[in-house]
Amino acid sequence: PSWPTPEFRDGHRGPTPSHRRRRRRRGTSVVLRDVGALFLLDSKKWCAAAPDHGNRLRDDPVAKFNTGVLSVAPSAERFATLLARLKRFELTTGHAAAGSDQGFLQQFFRTEEGFLSLPHAYNVLKRREKKLGKSFRIQDVFVLHLVGGKPWEPGDPGAGEYPLSHGAWHAIRRECGLPDDGY
């Protein structure tokens, strides 16, 4: 994927009375339960994201969050600061997503106050299904992040390893009336 994404290049329009919060969700994630609470967060907590369980226990757990789902209170000043830092961004150590949007945002928010760590259920990586086995409860997941092989790819790679995760995507696909053979 190209970086910076269009959201960061030209997507900011500043706070408006009808948009106290904005949210960003990766296209590789599926909303399984109501996420309306993400729009009602305290405005002092201007950014919220769920932990990245692949990196959570490393040296800086506060800064290790997954950017697949973000809830942000818009601010023209904060956006200008973000763009200024983006122009000189270079991640040389740390997260495996070095150079990506996730690496940049983790660095940016590490120095900013007002960050809220969301419950894990707001951005569950499908890998958790394999790791937790029978104790994985898809019904508790708000947003499922389909990392790795995608259920819409030919042959549905990973369907055998992640039957609940891929099954959730296929249920939504069928509900929307999309064909079985992809797009």
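The sections below set out a description of the structure shown in this document.

The rules we used
Residues numbered from 1 in each chain as written. Predicted model: local features only at pLDDT ≥ 70, side-chain atom pairs only at ≥ 80, totals over all residues. Heavy atoms only, no water. Helix = DSSP H or I, 4+ residues; strand = E, 2+ residues; numbered from the N terminus. Expected span 1.5 Å × (residues − 1). Buried < 20%, exposed > 50% of the residue type's maximum accessible area, 1.4 Å probe, protein only. Contact = heavy atoms within 4.5 Å. Polar contact = N/O pair within 3.5 Å; in protein donor to acceptor, adjacent residues only side chain to side chain. Core = buried A, V, L, I, M, F, W, Y, C linked by side-chain atoms within 4.5 Å. Phe/Tyr/Trp six-rings, centres within 6.5 Å; stacked < 30°, edge-to-face > 60°. Lys NZ or Arg CZ within 6 Å of the ring centre and 35° of its normal. Arc of directions from axis to C-beta.

For the rest of this paragraph, the subject is helix α5 (residues 163–175). Residues lying three or four places apart along an α-helix face the same way, a consequence of the helix completing one turn every 3.6 residues. Under the 1.5 Å per step criterion, the end-to-end length of α5 is 18 Å for 13 residues, consistent within 8% with the ideal 18 Å. For α5, the complete set of buried residues consists of Ser165, His166, Ala168, Trp169, His170 and Arg173. Looking at the buried positions of α5, the neighbouring elements they touch are β2 (29–31), α4 (127–132) and β7 (143–145). Looking one or two residues beyond α5, the residue adopting positive phi is Gly177, at roughly 80°.

Relative to the elements of secondary structure, His166 occurs in helix α5. A distance of 2.8 Å separates a polar atom in the side chain of His166 from a polar atom in the side chain of Lys126. Discounting chain neighbours no more than four positions away, the residues touching His166 are Lys126, Gly149, Lys150, Pro151, Asp156, Pro157, Gly158 and Ala159.

Residues Phe65, Phe104, Leu105 and Phe109 are the most contacted members of the largest nonpolar core, which totals 14 residues. Of all elements in the fold, only β3 (47–51), β4 (65–72), α2 (76–87) and α3 (101–110) reach the threshold of two or more residues within this core. Considering each element in turn, this core owes the most residues, four residues, to α3. Sequence-distant contacts of Phe109, that is, excluding residues within four places in its chain, are made with Trp46, Cys47, Phe65 and Phe115. Val35, Val69, Ala121 and Val143 belong to the second-largest nonpolar core, a separate cluster that totals 11 residues.

All right, on to the side chain of Asn123 then. Assignment of secondary structure puts Asn123 in the loop between β5 (115–117) and β6 (124–125). Sequence-distant contacts of Asn123, that is, excluding residues within four places in its chain, are made with Ala50, Asn66, Gly68, Val69, Val143 and His145.

This brings us to the packing of aromatic side chains. In the structure shown here, the tally under the stated rule is three aromatic pairs. With 5.4 Å between their ring centres and 50° between their planes, Trp152 and Trp169 make a pair best called tilted. Of this pair, Trp152 sits in the loop between β7 and α5 while Trp169 sits in helix α5, placing them 17 residues apart in sequence. Lying over the aromatic face of Phe142, Arg33 brings its terminal NZ or CZ to 4.0 Å of the ring centre.

With 12 residues, α2 extends 17 Å from end C-alpha to end C-alpha; this agrees with the ideal 16 Å at 1.5 Å per step. For α2, every residue scored as buried is listed here: Phe79, Leu82 and Leu86. Buried residues of α2, seen end-on, are gathered within an arc of 60° and therefore sit on one face of the element. Along α2, exposed side chains directed more than 90 degrees from the buried face belong to Glu77 and Lys87.

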